[in-house]
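# Architecture at a glance
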Amino acid sequence: MSDTPVIGVLALQGDVREHLIALASADALARPIRRPEELAEVDGLVIPGGESTTMSKLAVLFRMLDPLRERVRAGMPVYGTCAGMILLADKILDPRSGQETVGGIDMIVRRNAFGRQNESFEAAVEVTGIDGGPVEGVFIRAPWVESVGAQAQVVAEHGGHIVAVRQGNALATSFHPELTGDHRVHAFFVDMVRAVRWLDPGRISRVR
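About the cut-offs
- Residues numbered from 1 in each chain as written.
- Predicted model: local features only at pLDDT ≥ 70, side-chain atom pairs only at ≥ 80, totals over all residues.
- Heavy atoms only, no water.
- Helix = DSSP H or I, 4+ residues; strand = E, 2+ residues; numbered from the N terminus.
- Rg over C-alpha atoms; globule rule 2.2 N^0.38 Å.
- Buried < 20%, exposed > 50% of the residue type's maximum accessible area, 1.4 Å probe, protein only.
- Contact = heavy atoms within 4.5 Å.
- Areas by Shrake-Rupley, 256 points an atom, 1.4 Å probe, with all protein chains shown as cover.
- Phe/Tyr/Trp six-rings, centres within 6.5 Å; stacked < 30°, edge-to-face > 60°.
- Core = buried A, V, L, I, M, F, W, Y, C linked by side-chain atoms within 4.5 Å.
- Polar contact = N/O pair within 3.5 Å; in protein donor to acceptor, adjacent residues only side chain to side chain.
- Pairing = 2+ DSSP bridges.
- Arc of directions from axis to C-beta.
- Salt bridge = Lys/Arg side-chain N within 4 Å of Asp/Glu carboxyl O.

### Quick notes on the overall build of the protein
When helices and strands are tallied, the protein shows six helices and twelve strands. Here the C-alpha radius of gyration of the protein, 16 Å, is about what a compact globule of 208 residues would show, namely 17 Å. Taking the principal axes of the C-alpha coordinates as reference, the protein spans close to 45 × 40 × 35 Å. Counting only residues that meet the buried cut, the protein has 50% of its 208 residues in that class. Put simply, 67% of the contacts in the protein that link residues at least 6 apart link residues at least 24 apart. Of the roughly 9100 Å² of accessible surface on the protein, a fraction of 49% belongs to carbon and sulfur atoms.

### Here we look at the packing of aromatic side chains
By the definition in use, this model includes six aromatic pairs. Aromatic side chains Phe139 and Phe175 sit 5.6 Å apart centroid to centroid with 50° between the ring planes, which places their arrangement in the tilted category. Of this pair, Phe139 sits in strand E8 (residues 135-139) while Phe175 is found in the loop between strand E12 (170-173) and helix H6 (184-197), placing the two residues 36 residues apart along the sequence. This pair shows no difference in class: Phe139 is buried, exactly as Phe175 is. Linked through ring pairs, Phe114, Phe121, Phe139, Trp144 and Phe175 together constitute an aromatic cluster.

### With respect to the nonpolar core
In globular proteins that are soluble, nonpolar side chains generally tend to be buried together. Ranked by size, the top nonpolar core spans 33 residues in total, and within it Leu39, Leu45, Ile47, Ile105 and Met107 carry the most contacts. At five residues, the largest contribution of residues to this core is made by helix H5 (residues 83-88). If near-sequence neighbours (up to four positions away) are discounted, Ile105 is found in contact with Leu88, Ala89, Asp90, Ala152, Val165, Gln167, Ala170, Leu171 and Ala172. Val9, Ala123, Val155 and Val190 belong to the second-largest nonpolar core, a separate cluster that totals 31 residues.

### Considerations on the side chain of Arg69
Position of Arg69 relative to the elements: it lies in helix H4 (residues 65-73). Here the side chain of Arg69 touches Thr101 through a polar contact of 2.9 Å, landing on its backbone oxygen. Beyond its immediate stretch of four places on either side in the chain, Arg69 contacts Glu100, Thr101 and Val102.

### Details of unusual backbone geometry
At Asp27, a residue that is not glycine, the phi angle is positive and equals roughly 70°. Structurally, the position occupied by Asp27 is in the loop between helix H1 (16-25) and strand E2 (29-33). On the accessibility criterion, Asp27 (52% relative accessible area) is exposed. In this structure, Arg141 takes a positive phi of about 45° despite not being glycine.

### Notes on the pairing of strand E10 (residues 153-158)
Summarising the sheet, E10 and strand E11 (residues 161-167) pair through five bridges and their orientation is antiparallel. Bridge assignment links Glu157 to a residue of E11, and that residue is Ile162. Counted between consecutive antiparallel strands, the loop separating E10 from E11 contains two residues, among which Gly159 sits at a positive phi close to 60°.

### Digging into H1
Among all positions of H1, only Val16, His19, Ala22 and Leu23 are buried. For H1, the angular spread of buried residues about the axis comes to 130°, placing them on one side. Phi for Asp27, located one or two positions after H1, is positive at around 70°.

### Considering the pattern of salt bridges
Per the counting criterion, the structure on display carries six salt bridges. Between Arg35 and Glu38 there is a salt bridge, and its shortest N-O distance comes to 3.5 Å. Note that Asp66 is salt-bridged to Arg69, the shortest N-O span being 3.6 Å. In this pair, Asp66 and Arg69 both sit in helix H4, three residues apart, roughly one turn of the helix. Overlapping salt bridges bring together Asp66, Arg69 and Glu100 as one network.

Right, here's the structure in full:
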């Protein structure tokens, strides 16, 4: 079995290409994922930024929502940015009609909490577990986390608001590290995948 983890990027909508580049720079084999059979072949998954309502509806349309939930519940490492954070929340404070989540992190998220598109900004963010100083976070119609449950760990805050959370093998950030050229967060996630892939009962089917 190769030491290079295969990590998918959910390619239904959003900034897929940027995540593929960041993951490849962090020494992962990155693949766009649109179908359940493709999901079954990866060691971990990134859920990108985009439009969370559209993404959840497309996940239903492509019959991806239930397989995503099953793999996350089974312990597959997953990382969500911005809209991906919303999809990983067990609860959305202000969901749109018909909006569903994958879940996996015991947190309550507020959509578009940092403002509209024209209020986007960049900020240095200290993230627990990321060495080398703050990461540059790009906040675009970004959510924040209102509260977390006992199993979730807050790993970053900005302006008094929670902007990054980890629970077990699930990681979520309000911001977009894939847009900055600094791939330390992706490298951190790749290391998360490496740490658990030998314990994944489905890994035998993915031996290359």
